[in-house]
Amino acid sequence: MKIALLGLGTVGRGVVEVINENKESIAKRAGQEVEIKYILDIRDFEGDPISTLVVKDFEIIVSDEEVEIVVEAMGGVEPAYTFAKASLSKGKSFVTSNKELVALHGAELLETARKNKVNFLFEASVGGGIPIIRPLNQSLTADEIYEITGILNGTTNFILTQMKEKGSAFEEVLKEAQALGYAEKNPEADVEGHDACRKIAILSSLAFGEHVNYQDIPTEGITKVTKEDMFYAESMGYVIKLLATCQKQDDSIFARVSPMLIPLTHPLAMVNDVFNAIFVKGNVIGEVMFYGRGAGKLPTASAVVADVVDAAKHKGTNIISFWNREKIELKDKGQVKATYFVRLEKNAESIAQRVKEVFGEVEEVKPLEGEYAFITQTETEIHFAQRLERVSDFKVISKIRIEK
Ligand code: HSE
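Residues numbered from 1 in each chain as written. Predicted model: local features only at pLDDT ≥ 70, side-chain atom pairs only at ≥ 80, totals over all residues. Heavy atoms only, no water.

On to the nonpolar core. Membership of the largest hydrophobic core comes to 84 residues, with the highest contact counts inside it found for I61, I148 and I159. Of the residues forming this core, the biggest block, 9 residues, is contributed by helix α10 (residues 194-208). Not counting the four nearest positions on each side in its chain, I61 is found in contact with A4, L6, Y38, L40, V55, V67, V70 and K92. Counting residues in hydrophobic clusters, the runner-up holds 32 residues, among them M1, I3, V54 and A311. (Core = buried A, V, L, I, M, F, W, Y, C linked by side-chain atoms within 4.5 Å. Buried < 20%, exposed > 50% of the residue type's maximum accessible area, 1.4 Å probe, protein only. Helix = DSSP H or I, 4+ residues; strand = E, 2+ residues; numbered from the N terminus. Contact = heavy atoms within 4.5 Å.)

Quick look at the structure:
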């Protein structure tokens, strides 16, 4: 079977490596040999053995009937979307690791694939090498999924782990993460939570069967988390993680990306460094957790090539995916309930009394010098915001949601 690869960056190189390295076992599993016929890239790669495969015009690929699967590893919405649409419409399966593309156009591209009896596969777009898309689509289909909560971004998990272990500040560890090549070109996508937001939008859409618009998901990153917050977390027996979650409660669905204080006994608490983990709850299976390397050349390429094998095995048939174009209205973020850990600047002795008057019974936390710290009762976000406003004469040093 002939395939074409779009983009020879880190993931693209990984795909070439995996296909060469595991040629025989891949051939056995796919039922035929898988061969890269073209690589689309703007560079020439002179002197590199793969340079003979490089083309610069996508038309060559899409018009070649021998090419049955197109693999995209370029990233970004365009031209990936145009290439995906054109490939599927021409009866070629399309495999991608591109979460921006999938989060925005997943439902539509799945529909195009269905109409053309080919497949649009994107296992590598969430959790890198961790199998999560296929389990949601094919293994957990007897269940009604009511929650998915995960650590979906390796860079921020690495930063938070280092801050905790070394007592370092955010900016310091971010530089280290960039030097190690973990952070995306633009670190904002990672540290502001946008990357995790797209990933949870994809997982929620698959879990609930309708389109969750990633722009509707309230998203907070980790840029405001300080080493003092880490200190408090440790003293309370908690750890801070950037969690992405979607939950079905009664008839509504809410989703969120935010830093959370979770107890050390929580299954996601020991997921450290660049590792990702996804915790799924279903009404029949109970709880399942998926853990592994959420980024990196070979783990991501492993998921991409597994999709190529799946596409080869399902030639001529569409693997049904439960994600239609109908948009889900997410629950109003103000109506979602949360419990907060709050640090206030203690500029008056009366602070404890004031907090009690405004917030009711709170759990006091042993504070750092010059601070008053407490954990609120669980209530809606809007009520919490209103109460915080009423103590605005005390400066808020930080507020982080806490899972009790
Ligand atoms: N920047 C992403 C991460 C890469 O850190 O998890 C994988 O999507």
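As a further point, take the state of the cysteines. By definition, a disulfide links the sulfur atoms of two cysteine residues through a covalent bond. One pass over the full model with this rule turns up 0 disulfides. For C197, which is in no disulfide, the shortest distance to another cysteine sulfur is to C246 and amounts to 12 Å. A relative accessible area of 4% places C197 in the buried class. (Disulfide = S-S within 2.5 Å.)

This part covers the sheet that holds strand β1 (residues 2-6). The 6 strands are arranged β3-β2-β1-β4-β5-β6 in an open sheet whose pairing can be described as parallel. Single-partner strands in this sheet number two, and they are β3 (54-55) and β6 (120-121). Packing against the sheet, helix α4 (residues 80-89) makes contact with β1, β2 (35-40), β4 (67-72), β5 (93-96) and β6, and its axis sits at approximately 150 degrees to β5. Strands β1, β4, β5 and β6 of the sheet are contacted by helix α12 (residues 297-313), whose axis makes an angle of about 155 degrees with β4. (Pairing = 2+ DSSP bridges. Axes fitted to C-alpha atoms, helices over the stretch in contact; angles between N-to-C directions.)

Let us look at the domain arrangement of the protein. Examined at the domain level, the protein breaks down into domain 1 (2-127 + 297-322), domain 2 (136-293) and domain 3 (334-402). Counting from both sides, the interface comprises 15 residues of domain 1 and, opposite them, 18 residues of domain 2. The largest contributions to the domain 1 side of the interface with domain 2 come from K99, V126 and F322, which together make up 39% of the buried area. Summed over the shared surface of domain 1 and domain 2, the number is 1 salt bridge. Residues D195 and K99 are paired through a salt bridge, measuring 2.9 Å at the closest nitrogen-oxygen approach. For the side of domain 1 that touches domain 2, the leading source of residues is helix α5 (residues 99-115), giving 6 residues. Residues of the side of domain 1 that touches domain 2, tallied by class, amount to 9 nonpolar, 3 polar and 3 charged. (Domains from an automatic or database assignment. Buried area = accessible area lost by both parts, 1.4 Å probe. Salt bridge = Lys/Arg side-chain N within 4 Å of Asp/Glu carboxyl O. Nonpolar A, V, L, I, M, F, W, Y, C, P; charged D, E, K, R; others polar.)

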